[in-house]
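Structural overview for review
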Amino acid sequence: MLHGTYTKYEIFVAIETSTLERKSPCREGVDRNKELKTEAMFVDIIKDREEGSSTNYNDFAKSREFFNWETQSTVRQDSPTGRNYINKVNTMLLFVRKQSDHPDDKSRTLGFTYLGEVNLVEYKGNKPIEILWKLKNQMPATVYGYAGKFSAIG
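Please read these numbers as outputs of a predicted model, since none were measured by experiment.

Definitions and cut-offs
Residues numbered from 1 in each chain as written. Predicted model: local features only at pLDDT ≥ 70, side-chain atom pairs only at ≥ 80, totals over all residues. Heavy atoms only, no water. Helix = DSSP H or I, 4+ residues; strand = E, 2+ residues; numbered from the N terminus. Buried < 20%, exposed > 50% of the residue type's maximum accessible area, 1.4 Å probe, protein only. Contact = heavy atoms within 4.5 Å. Areas by Shrake-Rupley, 256 points an atom, 1.4 Å probe, with all protein chains shown as cover. Pairing = 2+ DSSP bridges.

**A look at the overall build of the protein**
When helices and strands are tallied, the protein shows 3 helices and 10 strands. Burial status across the protein gives 42% buried among its 154 residues. In the protein, the proportion of contacts linking residues at least 24 apart, taken out of those at least 6 apart, comes to 59%. Carbon and sulfur atoms provide 48% of the accessible area of the protein, an area that totals close to 9200 Å².

As structure tokens, then:
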């Protein structure tokens, strides 16, 4: 359901990359079902970085209708993954959460809010590619409150 909150595992089942027989191999910020031509993007606004990591993705809500997102740092425009984004090969689904760990209990992780289907508006750069997505439905004000550019930390 739009604006519902889900664990990654619930999302894997919903897009059919995990079943009782097999587990999704997803370990990064996206999971693809090539047969359904569907891709789920998982965004933590406040990044949980390992010590020494220099990764700094520029992921934030520009408004309640537009979301700025960066691909993995190795993705080029002429790569198969880059061309898939640019040529709109898959249905893109956006899932966002403030941070991975629960603020009061680091042993628990927070769920992702489903912001729905997004469409590519523009892109620029290489390694990573910076993409501006337009949401089909406005994000809730509560999500925009932590996902807006000036509240993004990382």
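**Description of unusual backbone geometry**
Most peptide bonds take the trans form, and the phi angle of most residues other than glycine is negative. Here Lys-127 and Pro-128 are connected by a cis peptide whose omega angle stands at 10°. When you line up the elements, Pro-128 lands in the loop between strand 9 (112-124) and strand 10 (130-135). Phi at His-3 is positive, roughly 70°, even though this residue is not glycine. With respect to the helices and strands, the residue His-3 is situated in the segment before strand 1 (5-6). Although it is not a glycine, Lys-88 sits at a positive phi angle of roughly 55°. Looking at where Lys-88 falls in the secondary structure, it is placed in the loop between helix 2 (80-86) and strand 6 (91-97).

**Focus: the pairing of strand 9**
For a regular strand, side chains alternate in direction, first toward one face of the sheet and then toward the other. The sheet contact formed by strand 1 and strand 9 spans 2 bridges and is antiparallel. Across the sheet, residue Tyr-6 finds its bridge partner in strand 9, namely Phe-112. Sheet analysis places strand 6 next to strand 9, joined by 5 bridges and oriented antiparallel. Paired with Val-96 across the strands is Thr-113, a residue of strand 9. In this structure, strand 9 lies alongside strand 10, joined through 6 bridges in antiparallel fashion. Considered in strand 10, the bridge of Tyr-123 is made with Ile-131. From the end of strand 9 to the start of strand 10, which pair antiparallel, there are 5 residues, and Gly-125 there has a positive phi angle of about 85°.

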